[in-house]
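# Results of the structural survey
What follows is each chain in one-letter form.
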Number of protein chains: 2
Amino acid sequence: MSLYEVSIPTFLLTLRNLKAILEKAVAHAEARKFDPNVFASQRLFPDMLPLNRQVQIASDAAKGAAARLSGTEPPKFEDTETTMAELIARVSKTIDYLQGFKPEQFDGADDRIVTVKTPRNEFNFKALDYVRHWALPNFFFHVTTAYALLRHGGVELGKVDYLGPVPHL
Amino acid sequence: MSLYEVSIPTFLLTLRNLKAILEKAVAHAEARKFDPNVFASQRLFPDMLPLNRQVQIASDAAKGAAARLSGTEPPKFEDTETTMAELIARVSKTIDYLQGFKPEQFDGADDRIVTVKTPRNEFNFKALDYVRHWALPNFFFHVTTAYALLRHGGVELGKVDYLGPVPHL
């Protein structure tokens with residue numbers, strides 16, 4: 001098993017699910033004849049981040065992990081999305097980026113030291129700790145918060161939308 | 001790298017963080033002189049599960065994964081928790097259970113077929129798919145929803161409470 005196998009396929013499946021969830025939110029608004037883009041600026045609580053930031057940060061968590069683990073630079077996405085169509089395109093762009101990685105680009109990733117800069121600190125992690133304690137928890141946090149925010153906004157979603165088509169035998 | 005390494009330490013760190021988050025919610029209520037146990041039955045939306053179920057399901061996701069990957073039977077927890085003290089104890093009990101596992105109990109886990117019964121279906125997964133596409137996403141979903149629910153209920157929490165003390169160099 002490699003760090004590729006426990007990160008990229010997870011990001012990809014969940015990002016596809018997130019895209020479908022955003023599309024359901026658009027359909028929900030259209031059926032009720034309100035502007036779907038209202039969702040993009042909705043928040044669960046006044047000092048929590050709005051939907052567009054949740055989606056952008058989930059995207060950053062995924063592309064940052066792919067880049068750091070393969071020793072490359074992530075593309076900079078400008079975080080300008082304010083409509084649902086733009087957010088869906090952001091997720092698609094992230095999926096396209098991740099699909100470009102081959103497992104062998106992660107060879108030796110286990111021995112990498114990953115540096116993460118936060119607004120107040122800089123952390124150096126062993127690659128495994130970075131994946132299991134930083135990248136994955138962060139990624140799922142923002143996807144789940146996006147889900148919860150839309151669910152709280154009345155969109156009919158269930159766990160199956162979040163888990164998506166899990167490969168099984 | 002083994003399936004132990006990408007599941008059990010993640011569950012343990014996040015469960016410890018969840019316990020601290022629940023304790024912060026109790027302190028928040030006590031400081032404002034309202035009954036902390038009100039939180040246990042709060043929901044983000046009427047047809048979403050309340051906090052006590054979110055915590056119970058996160059616990060089940062973690063203990064179910066540990067048991068299935070090691071070829072053992074998970075202990076049955078009765079899901080009777082209705083107070084914050086009981087929910088904190090449930091998390092502690094789950095932590096104790098997970099701490100009892102040794103990495104070598106997961107030897108050969110990669111080749112296991114994991115069966116999961118849902119109310120409507122039964123799925124057989126390759127162990128890796130079960131971990132990366134089922135157990136971890138489910139676990140983080142319920143922990144994040146518990147966090148969002150308390151955050152929405154006014155408890156002062158930040159991402160650092162959710163990520164906790166990530167091991168770094």
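Residues numbered from 1 in each chain as written. Chains lettered and ligands numbered in written order. Predicted model: local features only at pLDDT ≥ 70, side-chain atom pairs only at ≥ 80, totals over all residues. Heavy atoms only, no water.

If you look chain A up in an unreviewed UniProt entry, it shows as DUF1993 domain-containing protein from Steroidobacter gossypii.

### Structural notes on the confidence of the model for chain A
Selection rule: Values of pLDDT, the confidence the predictor places in each residue, fall between 0 and 100.
Here chain A averages 96 in pLDDT, and 100% of its residues register 70 or above. Reported confidence for the predicted complex is 0.97 by ipTM and 0.97 by pTM.

### Here we look at empty space enclosed by the protein
To keep things clear, this is the line we draw: Residues are called lining when one of their atoms sits within 4 Å of a cavity or pocket point, these points coming from a 1 Å grid over the protein atoms alone, where a cavity is a set in which a 1.4 Å probe fits but cannot get out and a pocket is an open set with protein on both sides within 12 Å along at least five of seven lines. Grid points are joined across faces, edges and corners, and a volume is the space filled by probe spheres set on the points. For the purposes of this entry, the term helix denotes a DSSP run of H or I that reaches at least four residues, the term strand denotes a run of E that reaches at least two, and both are numbered from the N terminus.
All chains considered together, the criterion is met by one cavity of 30 Å³ or more. When its volume is computed, the largest cavity comes out at roughly 40 Å³. Contributing to the lining of the largest cavity are Thr10(A), Leu13(A), Thr14(A), Asn17(A), Tyr162(A), Leu163(A), Arg132(B), His133(B) and Pro137(B). For the lining of the largest cavity, the secondary structure elements donating two or more residues are α1 (8-31) and α5 (159-163) of chain A together with α4 (127-152) of chain B.

### Observations regarding the packing of aromatic side chains
Spelled out, the test is: Any pair of Phe, Tyr and Trp rings, taking the six-membered ring for Trp, is counted once the centres come within 6.5 Å. Such a pair is stacked with planes under 30 degrees apart, edge-to-face with planes over 60 apart, and tilted for the rest. In this scheme, a residue with accessible area under 20% of its type's maximum is buried, one over 50% is exposed, and one in between is partly exposed, where area comes from a 1.4 Å probe on protein chains only.
In total, this model carries 27 aromatic pairs over all chains according to the counting rule given. On the numbers, 5.2 Å between centres and 80° between planes, the contact of Tyr4(A) with Phe106(A) is edge-to-face. With a gap of 102 residues between them, Tyr4(A) in the segment before α1 and Phe106(A) in the loop between α3 (84-99) and β1 (113-117) connect regions that are remote in the sequence. Across the pair, exposure class does not vary: Tyr4(A) and Phe106(A) are buried alike. Here the aromatic rings of Phe125(A) and Trp134(A) are separated by 5.2 Å at their centres, their planes lie at 40°, and the arrangement is tilted. The pair Phe125(A) / Trp134(A) is uniform in exposure class, with both members buried. Ring pairing ties together the aromatic residues Phe11(A), Phe139(A), Phe140(A), Phe11(B), Phe139(B) and Phe140(B), which thus form one cluster.

### Comments concerning the relation of the copies chain B and chain A
The condition that has to hold: When the copies are superposed, the least-squares fit draws on C-alpha atoms of residues that have pLDDT of at least 70 in both.
It takes a turn of 180° to lay chain B on chain A, together with a shift of 0.0 Å along the axis; the resulting RMSD is 0.0 Å. Here the two chains are linked by the operation of a two-fold rotation axis.

### Quick look at the packing of helix α2 (residues 51-70) of chain B against helix α3 (residues 84-99) of chain B
All names here are of chain B. Note the following rule: The angle between two axes is taken between their N-to-C directions and runs from 0 to 180 degrees, where each axis is a line fitted to C-alpha atoms and a helix contributes only its stretch in contact. Here is the rule for angles: anything less than 35 degrees is roughly parallel, anything more than 145 is roughly antiparallel, 65 through 115 is roughly perpendicular, and the remaining ranges are oblique. In what follows, residue pairs with any heavy atoms lying within 4.5 Å of each other are defined as contacts. All amino acids are sorted into three groups, where Ala, Val, Leu, Ile, Met, Phe, Trp, Tyr, Cys and Pro are nonpolar, Asp, Glu, Lys and Arg are charged, and the leftover types, Gly among them, are polar.
Packing of α2 against α3 leaves a shortest axis separation of 10 Å and a crossing angle of 10°. With respect to their mutual orientation, α2 and α3 come out roughly parallel. Counting all contacts with α2, which are made through Leu-51, Asn-52, Val-55, Gln-56, Ser-59, Asp-60, Ala-62, Lys-63, Ala-66 and Ala-67, the residues of α3 involved are Met-84, Leu-87, Arg-90, Val-91, Thr-94, Tyr-97 and Leu-98. Here the contact of α2 with α3 is built from residues that sort into ten nonpolar, four polar and three charged.

### Some thoughts on the pairing of β1(A)
Residues and elements named next belong to chain A. Stated precisely, the cut-off is as follows: In this scheme, strands are said to pair when DSSP sees at least two bridges between them.
Side-chain alternation along β1 places Val-114 and Val-116 on a buried face and Ile-113, Thr-115 and Lys-117 on a face that remains uncovered. The pairing of β1 with strand β2 (residues 122-126) spans five bridges and is antiparallel. Looking across to β2, one finds that Lys-117 is bridged to Glu-122. The loop that links β1 with its antiparallel partner β2 comprises four residues.

### Things to note about the interface of chain B and chain A
A common way to report how large an interface is uses the accessible area buried once the components associate. Rules: Once two parts are joined, some of their accessible surface, as seen by a 1.4 Å probe, is lost; buried area is that loss totalled over both. Any pair of nitrogen or oxygen atoms within 3.5 Å is treated as a polar contact; in protein, a donor-acceptor pairing is required on top of that, and neighbouring residues in sequence qualify only through side-chain atoms on both sides.
Contacts between the two partners involve 43 residues from chain B, matched on the other side by 43 residues from chain A. Approximately 4,100 Å² of surface area, both sides summed, lies buried where chain B meets chain A, with 72% of it carried by carbon and sulfur atoms. Taken together, the connections running from chain B to chain A amount to 17 residue pairs in polar contact (both at pLDDT 80 or more). Of all elements in the fold, only α1 (8-31), β2 (122-126), α4 and α5 (159-163) of chain B reach the threshold of two or more residues within the side of chain B that touches chain A. Considering every element that reaches the side of chain B that touches chain A, the biggest residue donor is α4(B), with 17 residues. Grouping the amino acids of the side of chain B that touches chain A by side-chain chemistry returns 24 nonpolar, eleven polar and eight charged.

### Side note on the side chain of Asp129(A)
Within the secondary structure, Asp129(A) is located in helix α4 (residues 127-152). We classify Asp129(A) as buried; its relative accessible area is 10%. Every residue in contact with Asp129(A), bar those within four places of it in the chain, is listed here: Trp134(A) and Pro167(B).

### Quick word on the environment of Pro50(B)
Residue and element names in this part refer to chain B. Note on placement: Pro-50 falls in the loop between α1 and α2. Overall, the relative accessible area of 8% leaves Pro-50 in the buried class. Distance in space between the C-alpha atoms of Pro-50 and Arg-68 is 27 Å, their sequence separation being 18 residues.

### Observations regarding unusual backbone geometry
Residues other than glycine predominantly adopt negative phi, and peptide bonds predominantly adopt the trans conformation. Residues and elements named next belong to chain A. The residue Lys-33 is not glycine, and still its phi comes out positive at about 60°. Assignment of secondary structure puts Lys-33 in the loop between α1 and α2 (51-70). On the basis of relative accessible area, Lys-33 is assigned to the exposed category, the value being 77%. At Asp-79, a residue that is not glycine, the phi angle is positive and equals roughly 55°. Its location among the elements puts Asp-79 in the loop between α2 and α3.

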